[in-house]
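Each chain is listed here by its residues.
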Amino acid sequence: MSASSETVISGKPPSVSSARSADYVEKLALAERDAAIALPVLLLFASAIIWLVGWSVLNFILAIKLVSPGFLGDGSFFTYGRLQPVATNIFTYGWASCAGMGTALWVMARLCRVRVGTPFSVLIGTAFWNTGLLIGIIATQAGAGRALKYLELPVWSQLIMFLGFALIAIYVIGLFVHRPPGPGFISQFYIVAAFLWLGWSLLAANIFASLPWVRGVITAVNGAWFAGNFQGLWFTALGLAAVYYLIPKVTGKAIHSYYLAHLGFWTLAFLYPWTGLHQYNGGPIPAWLMTLSIVATTLTIVPVATVAVNHHVTMVGSHFMMHYSPTLRFTVAGAMCYTASAVTGILLAQRSVSHIAGMSFAGVAQDYFVLYTFFSFVMFGAIYFIMPRLVRREWVSAQLIKFHFWGAAYGIGLTILFLTVAGLFQGSGWNSAVIRPVMVAQMAEAPLRGTILAAFLLLAGHAVFAVHFILMVLRMGQVSSEPTYLASPTASYGYYEEEEQETHGKGAA
Amino acid sequence: MSEHKIPEFLIPQKYPKHEMEGRMDYDEAGNVASLHGAIAREKSEPAYEGQNKRLPNWLTVFFCVLLFWSGGYLFLFGGGFRNDVFSERETVATMYFPRSSAPAGAAPETEKTPFELGKSLFTGTCQACHQASGQGVPGQYPPLVGSEFVVGGERRLVSIVLKGLQGPLTIHGQSYNGQMPGWESSLNDKKVAAILTYVRNEWGNKASEISPEGVAALRAELASRTESWTESDIRAIPEKAPLPGGKESAPAPAAAPH
Amino acid sequence: MKHFFPGILAAFLIGWLGQVLLPYNALSRIDPFVDADTNEIYPVNVAGIANQGRDVYIASGCISCHTQQVRADYMGGDLERQWGARRTVARDYMYEAPVLLGTLRVGPDLASVGARDLAGTGEADLSTMVAQEKLARWHYIHLYNPRILSPDSNMPAYKWLFEEREIKGQPSVNALNLPPAFAPKPGYEIVPKPDAEKLVGYLLSLNKNHSLPEAKAAAPAASPQAGGAAAK
């Protein structure tokens, strides 16, 4: 795996020609790149985790407010209608985007093998992004928000964020442009494409929404198009890029098929821009436009299944590693949920399902499924992988990681379950004309109370994660030559060895 | 590509050579254990994905089936790709989703009765002068309430509306001198009939409906006349004269609820 | 991979063209419908206080829980609930920017809330001054505290849109008529602030029931053709 023909770094390796030395030199180069990119990635991760904790608190408050509207008073600043989009924006633009950009930056720096100085532009870009988000949040909370999903922040704050984003994007694309000659890694393609697509989407959607002569349902179509791109082209691409890097890296195997990876990428590129509209099933949009969107969403099973096959076959024989590797546990769980969330997304896009699940909490559950169970879990895995390489300490305690995992897993699992149930109650309630509106709200109330517990679990898991992260940043992690594992690797291997030998007939590295 | 002038601030520059020699400047270069730890715990980078395995056959078949489904769905529910079709079941799909009752959106139309139509048209057309109460303005616009011209013969009434009325007019002993314009160029037959049906059955008036066909026939008959009526002209028309093709005034119909 | 950049940009461009630009081209050519019989124009561009109420609606985040779209009968129970006389189509929203379609129904749909007799006035014609006044008063109380009218409602109270002030001389004509459990202390009254008036003006202006060629309205509820009575 580290034969000298594949150690592509500029400059000559030292004259000792053994494979071991070439491997050593390559790892040294990796360590060097990690050191160079450490500060911006750390900054992005730190902002991401701060936003995550903030979101967890808001999410908990919102879950309570949904069933007890008077919680925290009746003032304008904390009213549900303003707090809810603020929470969504903090999650997507704060936690998820910063974690995604940090991971993307790190993966690109490694894969593109470019020696870099301190990327000041990225630091400034991060500052712009966070500042724009913060003041946009405050303005929205004070009532200056817009009414488009994921575009609620005022346009001037989005402009500030976009300037920061552009700096980071230019840097990432610069890394890509300087990569060594060769076919390239699939992760690089996903990352570069993700940055370009989000940049274009942000610009186009915001400008279109601000043109005073653009009126009518096309504004909603524009907003839905942006929302689809945000989930499907930005987060999905970044998440898949991380999975495509981490799974081979941790398991030590190459990705199963180069061809399938590219098939998955290009079908994603052509299909996902069309997937945003189905949230308006039944709405005042011409039928052909809705039908196109539903067809495209259904066809996304092609990239999803392709990627699933690729990941699954790569992982076959290595599932026992999820027992001890925090990275793999989070990342593979996330990758499996990518497939699952895509399937539920396709189901929800069908008009017959929209009859009962449309415009209900089931749609909110779907958003959580994609953005949290897939994307955020992959990001957790990536952060657990990357941090030791940035601060050169290992994670303090496997217990904390386990607590985080199970808190997040139960938290999001319950959230999605309860919201889906609430949504189905809601949808069937609205469809039954004899049920009064207040009764519909009451039908959904029991599962909504359950989301309060689920939000609390999420908050607990994230608080532990944040504390653990702070310990790492303060360099209080373990000095060790072995990563922090959740269980003993040899024991895990032995435990599954018999099973693996039965099913696959051979062990894995 | 490394000779371009984009500042390093913005884009990483590719350093030409000797990457490895003596340029590693770790902040704790003396911490050999940490450095070795970093290298020891690192796994090798994965190889390029060189394999070219294709899709499993069953998946390829599934995708082809899906494509076929997509084409069919697009044809059935695409609404003919028209921008004014919003319900996907309204065009081709009605073959496969027959409606037991009228299709959604094409439910029995709110067809207004002549009285209701006339009422809404009256507001925009006649009310300015004859007032919403139908009482008119003393000295200027005659009242419609209990007016002999309104509840009397149809021919007189429709003639006034089509051609207009000028000069002094005496009704119930009061004199009025407004200028009523002719409406034949701005109101079609249906509208004239509706307004007059309304006027003849509102405010306590009770008289027969006016039919659009009758209006059309009278309009044709009077086509050659260009000037509006005067009081003597209009009183020259027999009082109970019907519209062409009609009988003498029939009893008042049941008024539409209002 | 020399097809990379052109490829990803082309893929995105095709999506943008097909989803946004071409539909914009088509949907921007919509004209209002002019009824040949009654000379009515629909829709009319709401101006003044109702338009400002739109901004209050957005700023209060009403879109987080309410939609403004009526679906066809086979897509849901919207028409059965008489949330509208017909499904909504693109022309209904032609003057609005942005369109407040909404994606979540915690509360009922509001597309034609101005045509719904929520106050139980019993008036057949809701456009009369008396009916409008009653509806407005109902909306004011509902916004001030929804639990006054629906004890189990989980809609937030919008008390900051109202002002509690001392009664100076005569009580204000606009003062809310609240039951004793929710009334302010003696000598004080609750009066809507301008934002509340704008918001209620906007809500009462919402009416998308006019029949259109692409979506004909059903006969009024009193007619036997529309089927049985339905809850709101």
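Structure report, in brief. The model shown is predicted, which means the values in this text are computed figures rather than measured ones.

1. Concerning the nonpolar core
Most often, soluble globular proteins keep nonpolar side chains buried together rather than apart. With 183 residues, the main nonpolar core has Tyr93, Trp95, Tyr190, Phe195, Trp234, Phe265 and Met387 of chain A as its most contacted residues. Looking at this core, the element that brings in the most residues is helix 6 (residues 218-251) of chain A, giving 22 residues. Discounting residues that sit within four places of it in the chain, Trp234 of chain A has contacts with Ser97, Met101, Phe165, Ala194, Phe195, Leu198 and Asn229 of chain A. Grouped together as the second largest cluster of nonpolar side chains are 35 residues, Ala147 of chain A together with Leu126, Ala131 and Trp138 of chain C included.

2. Observations concerning the interface of chain C and chain A
Of the residues lining the interface, 71 residues belong to chain C; the matching set on chain A comes to 82 residues. Across the chain C/chain A interface, buried area totals approximately 6,500 Å², and carbon plus sulfur atoms make up 69% of it. Our count for the contact surface shared by chain C and chain A stands at one salt bridge. The shortest N-O distance in the salt bridge between Lys159 of chain C and Asp74 of chain A comes to 3.3 Å. Linking chain C to chain A there are 22 residue pairs in polar contact (both at pLDDT 80 or more). Among the secondary structure elements, those contributing two or more residues to the side of chain C that touches chain A are helix 1 (4-27) and helix 2 (49-59) of chain C.

3. A word on a nonpolar patch on the surface
Among the surface-exposed residues, Phe71, Leu72, Phe77, Phe78, Leu134 and Ile138 of chain A lie close enough to one another that they form a single nonpolar patch of about 520 Å² accessible area. Mapped onto the elements of the fold, Leu72 of chain A is located in the loop between helix 1 (19-67) and helix 2 (80-112).

4. Digging into the packing of helix 8 (residues 287-299) of chain A against helix 11 (residues 326-349) of chain A
Between two packed helices, the angle of one axis relative to the other and the distance separating the axes together describe the packing. Residue and element names in this part refer to chain A. At a closest axis distance of 9 Å, the pairing of helix 8 and helix 11 adopts a crossing angle of 155°. Classed by the angle they form, the pair helix 8 and helix 11 counts as roughly antiparallel. In the packing of helix 8 onto helix 11, the handedness of the crossing is left-handed. Here Ile294, Thr297 and Thr298 of helix 8 lie close against helix 11, whose contacting residues are Gly345, Ile346 and Ala349. The class makeup of the residues in the contact of helix 8 with helix 11 is three nonpolar, three polar and no charged.

5. Remarks on the pattern of salt bridges
Residues and elements named next belong to chain C. Under the criterion given, the structure shown has 24 salt bridges over all chains. The closest approach of N and O atoms between Arg105 and Asp78, which form a salt bridge, is 2.8 Å. Of this pair, Arg105 sits in the loop between helix 2 and helix 3 (129-144) while Asp78 is found in the loop between helix 2 and helix 3, placing the two residues 27 residues apart along the sequence. Note on Arg105: relative accessible area 1%, which makes it buried. A relative accessible area of 1% means that Asp78 is categorised as buried. Across the salt bridge formed by Arg86 and Asp92, the nearest N and O atoms sit 2.7 Å from each other. One network of salt bridges, with partners in common, ties together Arg71, Asp78, Arg105 and Asp109.

What counts and how
- Residues numbered from 1 in each chain as written.
- Chains lettered and ligands numbered in written order.
- Predicted model: local features only at pLDDT ≥ 70, side-chain atom pairs only at ≥ 80, totals over all residues.
- Heavy atoms only, no water.
- Core = buried A, V, L, I, M, F, W, Y, C linked by side-chain atoms within 4.5 Å.
- Buried < 20%, exposed > 50% of the residue type's maximum accessible area, 1.4 Å probe, protein only.
- Helix = DSSP H or I, 4+ residues; strand = E, 2+ residues; numbered from the N terminus.
- Contact = heavy atoms within 4.5 Å.
- Buried area = accessible area lost by both parts, 1.4 Å probe.
- Salt bridge = Lys/Arg side-chain N within 4 Å of Asp/Glu carboxyl O.
- Polar contact = N/O pair within 3.5 Å; in protein donor to acceptor, adjacent residues only side chain to side chain.
- Patch = residues over 30% accessible without salt bridge, like charges linked within 9 Å, V, L, I, M, F, W, Y side chains within 5 Å.
- Areas by Shrake-Rupley, 256 points an atom, 1.4 Å probe, with all protein chains shown as cover.
- Axes fitted to C-alpha atoms, helices over the stretch in contact; angles between N-to-C directions.
- Parallel < 35°, antiparallel > 145°, perpendicular 65-115°, else oblique.
- Left-handed = near helix turned anticlockwise from the far one by under 90°.
- Nonpolar A, V, L, I, M, F, W, Y, C, P; charged D, E, K, R; others polar.

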